[in-house]
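The lines below spell out each chain.
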Amino acid sequence: MPAEEELLSKQMPHSTEAEYAVLGAILINSDRLPEVMEQLKPEDFYLRQNREIFQTIYKMFTLSQNIDPVTVLNQMRQDGTYQEGTTREYFFQLMQFTPTSRNIKDYVDIVKDCSVLRQIGEAAAAMTEMVMGGQGTSAEVLEAAEQRIYAIRQGKSAQGLHHITSVMHEVYE
């Protein structure tokens, strides 16, 4: 395998299909949104366009706005993330790709798992850079590694906690 092909084949962990399915399920049935918001943040999405869409949905959710394809597209226009000729068609593809919102928890789990794997990879790369660059003693590098892994674990173990916006949304309803 030529070096260029090998480099292209080694992408950070992600599941394009799971990202599509999460967004499509939200657009099909926003009633499932509170459980998604407990688990995912915009940075959990690998693909830029999916991250922008989720960022818009996330913002709208925190402001207790109605979420459907029309309102999200309108908000993206206002935010300047709407791309004429592609964004609307992309929404239709997302909804066509996702036949039901019933399995949204499974899709969310896949997206979150890939996100955590990317975070671990980024932490490992930073540690390698510290070691190769001679930045610090072994104790300092170990401390930095522990802090990064702890931060990743905190993000993962904090899933049982409820974000205040979801609690307020439930109280309001």
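The shown structure was predicted, so the numbers you read here are calculated from the model rather than taken from an experiment.

**A short note on the overall build of the protein**
Part 1: Helix and strand counts for the protein come out as 9 helices and 0 strands.
Part 2: Counting from the amino terminus, the protein carries its helices and strands in the arrangement α-α-α-α-α-α-α-α-α.
Part 3: Per-residue burial for the protein yields a buried fraction of 34% across its 173 residues.
Part 4: The contacts in the protein between residues at least 6 apart in sequence include a share of 66% that link residues at least 24 apart.
Part 5: Put simply, the protein shows about 10700 Å² of open surface, and 54% of that area lies on carbon and sulfur atoms.

**Thoughts on unusual backbone geometry**
Part 1: The backbone of Ser64 shows a phi angle near 55°, a positive value even though the residue is not glycine.
Part 2: Mapping Ser64 onto the fold places it in the loop between α4 (48–62) and α5 (69–79).

**A few points about the packing of α4 against helix α6 (residues 87–97)**
When two helices pack together, their arrangement is captured by the angle between the axes and the distance separating the axes.
Part 1: Two numbers describe how α4 lies on α6: the axes approach to 12 Å, and their chain directions differ by 90°. In terms of orientation, α4 and α6 fall into the roughly perpendicular class. On α6, the residues that touch Gln49, Asn50 and Ile53 of α4 are Thr87, Tyr90, Phe91 and Leu94.
Part 2: For the contact of α4 with α6, a count of residues per class yields 4 nonpolar, 3 polar and no charged.

**A look at the packing of aromatic side chains**
Part 1: Per the stated rule, a full pass over the model turns up 4 aromatic pairs.
Part 2: For the pair Tyr20 and Tyr90, a centre-to-centre distance of 5.9 Å together with 80° between the ring planes defines the contact as edge-to-face. With Tyr20 in helix α2 (residues 16–28) and Tyr90 in helix α6, this residue pair connects regions lying 70 residues apart in the sequence.
Part 3: For Tyr20, a relative accessible area of 24% puts it in the partly exposed group.

**Comments concerning the nonpolar core**
Part 1: Formed by 30 residues in total, the largest nonpolar core has its most connected members in Val22, Ile26, Val36, Phe54 and Ile57.
Part 2: Mapped onto this core, the elements with two or more residues apiece are α2, α3 (33–39), α4, α5, α6 and α7 (104–132).
Part 3: Here this core takes 7 residues from α2, the largest share from any one element.
Part 4: Beyond its immediate stretch of four places on either side in the chain, Phe54 contacts Leu23, Ile26, Val36, Met37, Leu40, Lys41, Pro42 and Phe45.

**Some details on the side chain of Ser115**
Part 1: With respect to the helices and strands, Ser115 occurs in helix α7.
Part 2: Take Ser115: its relative accessible area is 3%, and that puts it in the buried class.
Part 3: Not counting chain neighbours up to four residues away, the residues in contact with Ser115 comprise Glu43 and Asp44.

**Here we look at a nonpolar patch on the surface**
Part 1: Taken together, Leu117, Ile120 and Ile149 make up a surface patch of nonpolar side chains, about 220 Å² in accessible area.
Part 2: Of the residues examined, Ile120 reaches a relative accessible area of 38% and is grouped as partly exposed.

**Some words on the environment of Arg32**
Part 1: Considering the arrangement of structural elements, one finds Arg32 in the loop between α2 and α3.
Part 2: Taking the C-alpha atoms as reference points, Arg32 and Arg102, separated by 70 residues in sequence, lie 8.9 Å from one another.
Part 3: Looking at Arg32, its side chain comes within polar contact range of the side chain of Glu35, at 2.7 Å.
Part 4: Within polar-contact distance, the side chain of Arg32 engages the backbone oxygen of Arg102 at 3.5 Å.

What counts and how
Residues numbered from 1 in each chain as written. Predicted model: local features only at pLDDT ≥ 70, side-chain atom pairs only at ≥ 80, totals over all residues. Heavy atoms only, no water. Helix = DSSP H or I, 4+ residues; strand = E, 2+ residues; numbered from the N terminus. Buried < 20%, exposed > 50% of the residue type's maximum accessible area, 1.4 Å probe, protein only. Contact = heavy atoms within 4.5 Å. Areas by Shrake-Rupley, 256 points an atom, 1.4 Å probe, with all protein chains shown as cover. Axes fitted to C-alpha atoms, helices over the stretch in contact; angles between N-to-C directions. Parallel < 35°, antiparallel > 145°, perpendicular 65-115°, else oblique. Nonpolar A, V, L, I, M, F, W, Y, C, P; charged D, E, K, R; others polar. Phe/Tyr/Trp six-rings, centres within 6.5 Å; stacked < 30°, edge-to-face > 60°. Core = buried A, V, L, I, M, F, W, Y, C linked by side-chain atoms within 4.5 Å. Patch = residues over 30% accessible without salt bridge, like charges linked within 9 Å, V, L, I, M, F, W, Y side chains within 5 Å. Salt bridge = Lys/Arg side-chain N within 4 Å of Asp/Glu carboxyl O. Polar contact = N/O pair within 3.5 Å; in protein donor to acceptor, adjacent residues only side chain to side chain.

Without other data, these values stay purely geometric and don't point to any function.
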